[in-house]
Amino acid sequence: MQDFNGKVVVITGGATGIGFALAKQFAHEGARLVIAGIQRNRLEEAAKALSSLTEQVGITECDVTDRAQVEALANFAWEKYGRVDVIVNNAGVGPIPSTVIDARPEDVQSVLAVNLFGVWNGVSIFGRRFIEQGTPAAIYNVGSENAFFNAIPEGAGYVLSKHAVLAMTVALREELPKNIEVALICPGLVRSELAKETQEGMDTDAYAALVMKQIKAGEFYIVSHAFNMVRIKARWNEIEAAFNKYAPRYEGDVEFDVRTLGAKNNWYPRYPNASADIPV
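Quick summary incoming for the structure in this document. (Residues numbered from 1 in each chain as written. Predicted model: local features only at pLDDT ≥ 70, side-chain atom pairs only at ≥ 80, totals over all residues. Heavy atoms only, no water.)

Let's shift gears to the side chain of T169. With respect to the helices, strands and loops of the structure, T169 is situated in helix α6 (residues 156-175). Here V165 takes part through its backbone oxygen, which lies 2.7 Å from a polar atom of the side chain of T169. If we skip the residues at most four places from it in the chain, T169 touches N141, V182, A183, L184 and F220. (Helix = DSSP H or I, 4+ residues; strand = E, 2+ residues; numbered from the N terminus. Polar contact = N/O pair within 3.5 Å; in protein donor to acceptor, adjacent residues only side chain to side chain. Contact = heavy atoms within 4.5 Å.)

Dropping the structure here:
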């Protein structure tokens, strides 16, 4: 989606950090906004700050882990503006430090509740309404550099949540009709209130401007921190070396490819946005 003038954009976790910085970017583009969060006072502060950029800002409290509250958020947005064009599933929490073995299940579940299932709630509730609405729309999920590699030691629950958002968003891109655009926003270290380490990160407004540039270009992977490629290549090189040693390519090796077999035997549906260069 290239033109946001007059479009209605809903942002979860929109009162602070990356969400608020993105709200400013969309306001600069002429969008009408709904920002949601769990603290009313922060939402009011954000709306006041945004008033110099746009007069069309709605605020509402929403805990994204509660599906009923996400439904209420959608109701609020459609009742206020009569339509919604974009959902930015941005609300998230930081890691609860622990080793994998010592992590408390309730801590891991609390991170997944927001970072994965909170995003999933936004995707499914707004996505269903976008399909019914039938107009051009967009779903932007905020993941992390931790979707590509483990950037945080002793943060496996958080890293897990971001790997999962990557997997969900890739699947979503294939499944949705072509009028609904999908993208995965993958911030590295950006200044926010998530953790003390982020105060050493990239300026939040500079980061949001970079995100907007890629959103308007229609990119799927929305990226930033250049050194991430070193980490990504290290992971890929290790995987490739394992395959080269124990499962090297051979003529006809497509014989066990799941998608090829699925298409041949009608195991799976064909989706409108499945990559043409991958057998489906």
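Both faces of the sheet carry side chains from a regular strand, because those side chains alternate between them. Burial of the side chains of strand β4 (residues 86-89) extends over both faces: V86 and V88 are buried on one face and I87 and N89 on the other. As paired strands, strand β1 (residues 8-12) and β4 are joined by 3 bridges and run parallel to one another. Looking at β4, one finds that I11 is bridged to V88. As paired strands, β4 and strand β5 (residues 137-142) are joined by 4 bridges and run parallel to one another. Each bridged residue has a counterpart across the sheet, and for N89 the counterpart in β5 is N141. (Buried < 20%, exposed > 50% of the residue type's maximum accessible area, 1.4 Å probe, protein only. Pairing = 2+ DSSP bridges.)

Glancing now at the packing of helix α1 (residues 17-28) against helix α2 (residues 40-50). In the contact formed by α1 and α2, the axes pass within 11 Å of each other and the chain directions differ by 30°. Considering their axes alone, α1 and α2 lie roughly parallel with respect to each other. α2 is crossed by α1, and the crossing has right-handed handedness. Only A46, A49 and L50 of α2 make contact with α1, whose side of the interface consists of F20, A23 and K24. Its residues assigned to classes, the contact of α1 with α2 comprises 5 nonpolar, no polar and 1 charged. (Axes fitted to C-alpha atoms, helices over the stretch in contact; angles between N-to-C directions. Parallel < 35°, antiparallel > 145°, perpendicular 65-115°, else oblique. Left-handed = near helix turned anticlockwise from the far one by under 90°. Nonpolar A, V, L, I, M, F, W, Y, C, P; charged D, E, K, R; others polar.)

By definition, the strands of a sheet pair up through backbone hydrogen bonds, in either a parallel or an antiparallel sense. Sheet architecture is open: 7 strands sit in the order β3-β2-β1-β4-β5-β6-β7, paired in parallel fashion. Only two strands of the sheet have a single neighbouring strand rather than two, namely β3 (57-61) and β7 (221-222). Taken together, the 5 bridges between strand β2 (residues 32-37) and β3 define a ladder with parallel strand orientation. Considered in β3, the bridge of L33 is made with V57. Across the sheet, helix α5 (residues 117-133) is in contact with β1, β4, β5 and β6 (180-185); its angle to β5 comes to roughly 175°.

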